Amino acid sequence: MDKFLTVKELNGYVLDLMAQDELLSNLLLKGEISGLRLYQKSGHMYFTLKDDTAAVSCVMFKSQVQNLDFVPEDGREVLLQGRVSVFVKQGRYQVYVETMQPFGLGELFLYLEQLKEKLARKGYFDLSSKKNLPGQVRRLGVVSSRHGAAVRDIIKVVRELNPGVEIIVAHALVQGYSAPRQIVQALNDLNEYGQVDVIIVARGGGSIEDLMAFNSEEVVQAVFASEIPVISAVGHEVDVTLADL
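I will try to describe carefully the structure that is included in this document. Nothing here was measured: the structure is a model prediction, and the numbers come from that model. (Residues numbered from 1 in each chain as written. Predicted model: local features only at pLDDT ≥ 70, side-chain atom pairs only at ≥ 80, totals over all residues. Heavy atoms only, no water.)

## Considering the pairing of strand E7 (residues 166-171)
Applicable threshold: Whether two strands pair depends on DSSP finding at least two bridges between them. Each helix corresponds to a stretch of at least 4 residues labelled H or I by DSSP, and each strand to a stretch of at least 2 residues labelled E; elements are numbered beginning at the N terminus.
Sheet topology note: the strand E6 (residues 139-144)/E7 ladder contains six bridges and is parallel. Each bridged residue has a counterpart across the sheet, and for Val142 the counterpart in E7 is Val169.

Put into C-alpha cells, the structure is as follows:
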C-alpha cells in the first residue's frame, strides 16, 4: 500500500466530516446525567449522558457552565444543545454542550420557579419598573413569527379597530433553540429603530415546552430593558410565562 494515513490525519478527517454534518453541528439531545465531574480549577464540567440502552461522553466548558440557571446532578434528566466532535488526540468523540435545561414537566416547573425567584431578586417584575402605555398609538411594533396565526390575528384586529395604525412586524422564531436569541434581536431592532409607540410580543398557545422561549432569562431581560413599552400576548389566557410578568 503506497498511500496511508497517520492516526492524527485519520482523526482530523473524521473531525472535518462531523463539522460539515448539519445535524451533528447543532443538535438537541435528551438523556440522564451520570458521572458528573466539575473541576474547580478549570471550571469545566464533564459527564455522561445516557438512556436505557446507550451513553455518550459530554463536556461543557466554563463559559457555558457559568450561564446555567440550575444545578446539574447525577440522575437528572436534561435537554441539551451542542455539537458532536472528535477529540483528535485520543480519537474519542463527544458532545460539546452549549446550553442545558431540565427536561420533563416536574423538572421544568422546578427550573421555572427557581428562575422566577432569581429574576424577581433582580427587580425585573417590580411594578414600579413598568412603563405606562401611550394614550394613542400611531405605529405598532409586533415581535412574532411572520408565518404564525398570532401575527395575522393582531393585524386583522388592529385594521378593524384603527386602520390608520402602521404595523411593523419584526420576525422571530417563537419556538425552539434559536427562538430566544431571535426574539431578543427583534426587540433590540425595534428599540434601535425607535419609531414605534408600543411593542407587542406574541405567539399562539401551546404546551409549556412550546412556550419556553418566553420563559428564558435573555427574553425577560430584553423586555425589561426595552425603552419602548412592551405588551406580552403569549399563549392562551390561562398561560403565564415569565415574559408576562
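Next, the rest of the story.
## Regarding the pairing of E6
Formally: Each residue is placed in one exposure class: buried if its accessible area under a 1.4 Å probe, protein chains only, is under 20% of its type's maximum, exposed if it is over 50%, and partly exposed if it falls in between. Handedness of a crossover is defined as follows: with both strands directed away from the viewer, a clockwise route from the first strand across the helix to the second makes it right-handed.
Buried residues dominate E6, accounting for five of its six residues. In terms of handedness, the path from E6 via helix H5 (residues 149-161) over to E7 forms a crossover that is right-handed.

## Brief notes about the sheet that holds E6
How we decide: An axis is simply a line fitted to the C-alpha atoms; with a helix, the fit covers only the stretch in contact. Between two such axes, the angle follows the N-to-C directions and lies from 0 to 180 degrees. For this analysis, residues touch if any pair of their heavy atoms sits within 4.5 Å.
If you walk across this open sheet you meet the four strands as E7-E6-E8-E9, and the pairing is parallel. Of all the strands in the sheet, the pair left with one neighbour each is E7 and strand E9 (230-234). Ignoring which end each strand starts from, the neighbouring axes of this sheet average 20° apart. Strand direction decides the pairing type here: strand E8 (residues 198-203) and E9, joined by five bridges, are parallel. By the bridge assignment, Arg203 is partnered in E9 with Val234. Here H5 sits on the sheet and contacts E6, E7 and E8; the angle it forms with E6, its principal contact strand, is near 165°. Docked against the sheet, helix H6 (residues 179-193) engages E6, E7, E8 and E9, running at close to 165° with respect to E6.

## What about the layout of surface pockets?
Convention followed: Note on definitions: the grid is 1 Å and covers protein atoms alone; a cavity is a set of points where a 1.4 Å probe fits but cannot get out; a pocket is an open set with protein on both sides within 12 Å along at least five of seven lines; lining residues have an atom within 4 Å of a point. Grid points are joined across faces, edges and corners, and a volume is the space filled by probe spheres set on the points. Under the convention adopted here, Pro, Cys and the residues Ala, Val, Leu, Ile, Met, Phe, Trp and Tyr are nonpolar, Asp, Glu, Lys and Arg are charged, and Gly plus all remaining residues are polar.
Counted as a void, the largest pocket has a volume near 970 Å³. Along its surface, the largest pocket is lined by 33 residues, and Thr99, Gln101, Pro180, Ser216 and Glu218 are the ones closest to its centre. Looking at the lining of the largest pocket, the element that brings in the most residues is strand E5 (residues 92-102), giving five residues. Considered class by class, the residues forming the lining of the largest pocket number 14 nonpolar, twelve polar and seven charged. Taken as a whole, the second largest pocket holds about 390 Å³ of empty space. As for the second largest pocket, its lining consists of 21 residues, and the residues nearest its centre are Lys130, Val223, Val230, Ala243 and Leu245. For the lining of the second largest pocket, the secondary structure elements donating two or more residues are helix H7 (217-225) and E9. Its residues assigned to classes, the lining of the second largest pocket comprises 14 nonpolar, three polar and four charged.

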